[in-house]
Amino acid sequence: YFKRLFKTMEANVSNMIEISNKYIKIDTLNTSLIFWINNNKLETIYYGNRIKSSDNYEILHYKNRVVAHAECDDEYFTGNYTFSTYGENCDREFSLIIKNQDSTYANRFIFKEAKLVNKPKYNSFPSSRYSYQTVAFIFDDEEEHVRLIQYYTCFLNSDVIATSNKIINLSNKSINIIRAMSLQLDLDGIGYNIHSFYGAWARERQEETTLLNHGVYQNSTTCGMSSHKISPFFYINAPKRIDGC
């Protein structure tokens, strides 16, 4: 039944992922996520209410912001890239850390292409099903011969976008993956609230709201699993309109 329903729904919609030589646009039921291919990198320039397709999204570029000090600030500190690594001058918690064969940690991944693919299947842990379209972003570290593939998947009649990362060692040398986060999402502006949920028996899912300020906010548990005491789910919202979001 679900397969027949999925095929019927699929026949009534067009491509939800559009790829051009400068932009990649992912549409969900009510939202759009747009990337800009910028100097061999991939930058998130829009995530919000669904917008019409265009040949040029230059008006959305955050690169129009005033540069405080130098071009390097504009390039690395304020660019909303899909991942971050050592050696790129960015002031973030790095989403990807690899110890190379020579014991260095610097990797310079260059964006190569974006293409539509089948959603990866993960047999060792739960993952989303009934996906509609998946785009793969391929980056290569040509010095260390390591490839990074980022997958973004959209679904019919849903605003969910599922993400995952895959690291491929293309050399004959050993590498050590220290950290590989499934998502890095940089948001401009201030005034965001993060909503998390904790609880106990008979009082599950107590909502707690925290204002996101400078520093690090961490939502975690040390008991080895999620439960009624702590949930890995959280959501972020802006209580008032933030320019550019």
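Note that the structure is a prediction, hence the values are computed from the model and not measured. (Residues numbered from 1 in each chain as written. Predicted model: local features only at pLDDT ≥ 70, side-chain atom pairs only at ≥ 80, totals over all residues. Heavy atoms only, no water.)

Novice: How should the packing of aromatic side chains be read in this particular structure?
Specialist: How two aromatic rings sit relative to each other is set out by the distance from centre to centre and by the angle between their planes. The full count for this structure, using the stated rule, is 11 aromatic pairs. Taking the centre distance of 5.2 Å and the plane angle of 85° together, the rings of Tyr 23 and Tyr 57 count as edge-to-face. Here Tyr 57 lies in the loop between strand S4 (41–49) and helix H2 (71–77) and Tyr 23 lies in strand S2 (residues 23–27), a separation of 34 residues in the sequence. Neither Tyr 23 nor Tyr 57 differs from the other in exposure class; each is buried. Taken together, a centroid distance of 6.3 Å and an interplanar angle of 40° make the contact between Phe 233 and Tyr 235 tilted. (Phe/Tyr/Trp six-rings, centres within 6.5 Å; stacked < 30°, edge-to-face > 60°. Helix = DSSP H or I, 4+ residues; strand = E, 2+ residues; numbered from the N terminus. Buried < 20%, exposed > 50% of the residue type's maximum accessible area, 1.4 Å probe, protein only.)

Novice: What's the story with the sheet that holds S4 in this structure? I'm lost.
Specialist: Hydrogen bonds between backbone atoms are what pair the strands of a sheet, whose relative direction is either parallel or antiparallel. If you walk across this open sheet you meet the four strands as S1-S2-S3-S4, and the pairing is antiparallel. Lying at the two open borders of the sheet, with one neighbouring strand each, are strand S1 (17–19) and S4. The mean inter-strand angle of the sheet, taken between neighbouring strand axes irrespective of direction, is 15°. Summarising the sheet, strand S3 (residues 31–38) and S4 pair through eight bridges and their orientation is antiparallel. Each residue of the ladder has a partner; that of Asn 38, found in S4, is Lys 41. (Pairing = 2+ DSSP bridges. Axes fitted to C-alpha atoms, helices over the stretch in contact; angles between N-to-C directions.)

Novice: In this structure, what is going on with the pattern of salt bridges? I would like to understand it.
Specialist: Two side chains carrying opposite charge are able to pair once their charged atoms lie near each other. The final tally for this structure, using the stated rule, is five salt bridges. Between Glu 142 and Lys 112 there is a salt bridge, with the nearest N and O atoms lying 2.3 Å from each other. Taken as a pair, Glu 142 in the loop between strand S7 (133–141) and strand S8 (146–154) and Lys 112 in strand S6 (residues 110–117) lie far apart in primary sequence, 30 residues in all. The partly exposed category is assigned to Lys 112, whose relative accessible area is 41%. Here Arg 147 makes a salt bridge to Asp 140, at a shortest N to O gap of 2.7 Å. Here Asp 140 falls in the buried class, since its relative accessible area comes to 11%. (Salt bridge = Lys/Arg side-chain N within 4 Å of Asp/Glu carboxyl O.)

The analysis is restricted to geometry; functional conclusions fall outside its scope.
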